[in-house]
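So you can see what is in the structure, the chains are spelled out below.
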Amino acid sequence: MGVDVGAAMTFAGARAAVGRTLHDPAQVLAMVLLGALALRVIWLWLPQGSLIFDESYYVNAARVILGWDVPAGAHYEGSLAGFDPNEEHPPLGKAIIALSMLVFGDNGVGYRIPSVLAGMVSLAAVYGIVRAAGQTQRLGLLAVALLALDNLTFVHARIGTLDMLALAPVLVGAWLGLRGHWGWAGLALAIGSMVKLTGAFALVGLLLFQAVELVRRWKTERRLGFDDLRPTILLGAVYLAVGLTGLWLLDLRFSPYPDPLSHLAHMAAFGSALRAPDGLTGIASYPWQWLINEGHIDYLRVVVSTTVEGQPAGSHVSINFRGAINPVLLGAAPLGLLFSGWLAWRRADRAATWAVTWAAATYLPYVALAIVAQRITYLYYMVPAMPALAVAVALLLARSGLPRFVTWGFLALMVVGYLALFPFRQLP
């Protein structure tokens, strides 16, 4: 009897401890981040000997920077050692991957760890953005959970490409800006743009955010002074100064360009040449297709064949890395953005304003490029917009008056969508 009472007391104590943990947003956030980290590092080295998607460009560029051998027939074979052969992007991202490979080796861990770390910084930055915008810990936690369960950002957070390396600093910049540190925000956005020039879209997003804030101030005070314009001036000036100086210094070490403007001109020319005048081919897709999750890309697919007594008996997919958005998040995103637009307009909600302006700045330019310039576009260009979609849907779930069980049901469906697209289809 005493044993039963003791066991019951132990169970009750454990249940109370779990309850206290689940009611503490800070502890739940730590658990979500730890879970996200575990899922991003598990089997990071697999499949051994294979490069996933555009790793074939960036990992080989890092090998050239390090002066290591590039496999025969691979991208950048025979390029000048010590320099970045991937000149269509700034050198910083490849230099970071090269440094990681120097520390961890020429393997999956070596060239994917930077993306893992950048992915974790991105999740933490989204929480910081929501809190800096005046929202609650629970809403920030919900936004982080939604983004952590998005498959597109998840895959790019565990492969050696530039997308997460560019996203992390610009999200940190958004967090700094919403806290009022606009000079530091310009610095962070410039770092992101030194990985991929699309970091400039993040600058547009923050400038749009500032413009909305200025309009609100004008409506209430009917005047704007220099102090009101100072954040915009500071953001733009620091971004340009750091971005151009940083690119110049990087080019001195990694590229043949004599000045940053020459390299910028080359990158712009390369981008404008990526056109599809006769329609889409291969893995390309139109930006409006992304809204319904079309344009999936198979990054890496490993099929295992089985035999019985030496005869083929079938096959199954063991690994399938796909560029695809969690369909549950994407399905709710239009309603979330509409609701966020209403919150921004009627209630001057800063988190909603950020979600709408950031989504517009990181998505609509591709629509314009596809229509006007017939620019080739790909689904993974949506990576920078996904944090805004996560925040918008979190606002919808938390601020629209929906019952709490709807939020829990939505999270359960997010898990289902996430598992359906999880790259490892069987235990290695």
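A brief report on the enclosed structure follows. In this text, all values refer to a predicted model and were calculated from it rather than measured experimentally.

## Focus on unusual backbone geometry
At step 1: Going from Leu 46 to Pro 47, the amide bond is cis rather than trans, its omega being -10°.
At step 2: Note that Pro 47 resides in the loop between α2 (25–41) and α3 (55–66).
At step 3: Positive phi values are uncommon outside glycine, yet Phe 53 reaches one of about 55°.
At step 4: Structurally, Phe 53 is set in the loop between α2 and α3.
At step 5: Although it is not a glycine, Ala 348 sits at a positive phi angle of roughly 50°.
At step 6: In this structure, Ala 348 sits in the loop between α14 (327–347) and α15 (350–372).

## Side note on the environment of Arg 216
At step 1: For Arg 216, the location among the structural elements is in helix α10 (residues 199–221).
At step 2: Residues contacting Arg 216, with those up to four places away along its chain left out, are Ala 344, Ala 348, Asp 349 and Thr 353.
At step 3: For Arg 216, the side chain forms a polar contact with the side chain of Glu 213, separated by 2.9 Å.
At step 4: Of note is the side chain of Arg 216, whose polar atom sits 2.8 Å from the backbone oxygen of Ala 344.

## Re empty space enclosed by the protein
At step 1: Counting across every chain of the model gives 1 cavity of 30 Å³ or more.
At step 2: The wall of the largest cavity is formed by Arg 40, Gly 119, Ser 122, Leu 123, Leu 147, Thr 153, Ala 157, Met 164 and Leu 167.
At step 3: Taken together, the elements giving at least two residues each to the lining of the largest cavity come down to α5 (108–132) and α8 (163–178).
At step 4: Per element, the largest residue contribution to the lining of the largest cavity is 3 residues, and it comes from α5.

## Observations concerning the packing of α2 against helix α6 (residues 137–148)
At step 1: The interhelical angle for the contact between α2 and α6, taken along N-to-C directions, is 10°, at an axis separation of 10 Å. Taken together, the axes of α2 and α6 are roughly parallel relative to one another. Contacts between α2 and α6 involve Pro 25, Ala 26, Val 28, Leu 29, Val 32, Leu 33, Ala 36 and Arg 40 from the first element and Gln 137, Arg 138, Leu 141, Val 144, Ala 145, Leu 147 and Ala 148 from the second.
At step 2: Looking at the contact of α2 with α6 residue by residue, the classes come out as 12 nonpolar, 1 polar and 2 charged.

## Quick word on the side chain of Glu 88
At step 1: When you line up the elements, Glu 88 lands in the loop between α3 and α4 (92–104).
At step 2: Nearest to the buried, unbridged Glu 88 among oppositely charged side chains is Lys 94, at 6.5 Å.
At step 3: Separated by 2.8 Å, the side chains of Glu 88 and Asn 86 make a polar contact.
At step 4: Residue contacts for Glu 88: discarding those within four places in its chain leaves Tyr 76, His 266, Met 267 and Phe 270.

Rules behind the numbers
- Residues numbered from 1 in each chain as written.
- Predicted model: local features only at pLDDT ≥ 70, side-chain atom pairs only at ≥ 80, totals over all residues.
- Heavy atoms only, no water.
- Helix = DSSP H or I, 4+ residues; strand = E, 2+ residues; numbered from the N terminus.
- Contact = heavy atoms within 4.5 Å.
- Polar contact = N/O pair within 3.5 Å; in protein donor to acceptor, adjacent residues only side chain to side chain.
- 1 Å grid on protein atoms, 1.4 Å probe; cavity = no way out; pocket = protein on both sides within 12 Å on 5 of 7 lines; lining within 4 Å.
- Points joined across faces, edges and corners; volume = space filled by probe spheres on them.
- Axes fitted to C-alpha atoms, helices over the stretch in contact; angles between N-to-C directions.
- Parallel < 35°, antiparallel > 145°, perpendicular 65-115°, else oblique.
- Nonpolar A, V, L, I, M, F, W, Y, C, P; charged D, E, K, R; others polar.
- Buried < 20%, exposed > 50% of the residue type's maximum accessible area, 1.4 Å probe, protein only.
- Lys, Arg positive; Asp, Glu negative; His and termini not counted.
- Salt bridge = Lys/Arg side-chain N within 4 Å of Asp/Glu carboxyl O.

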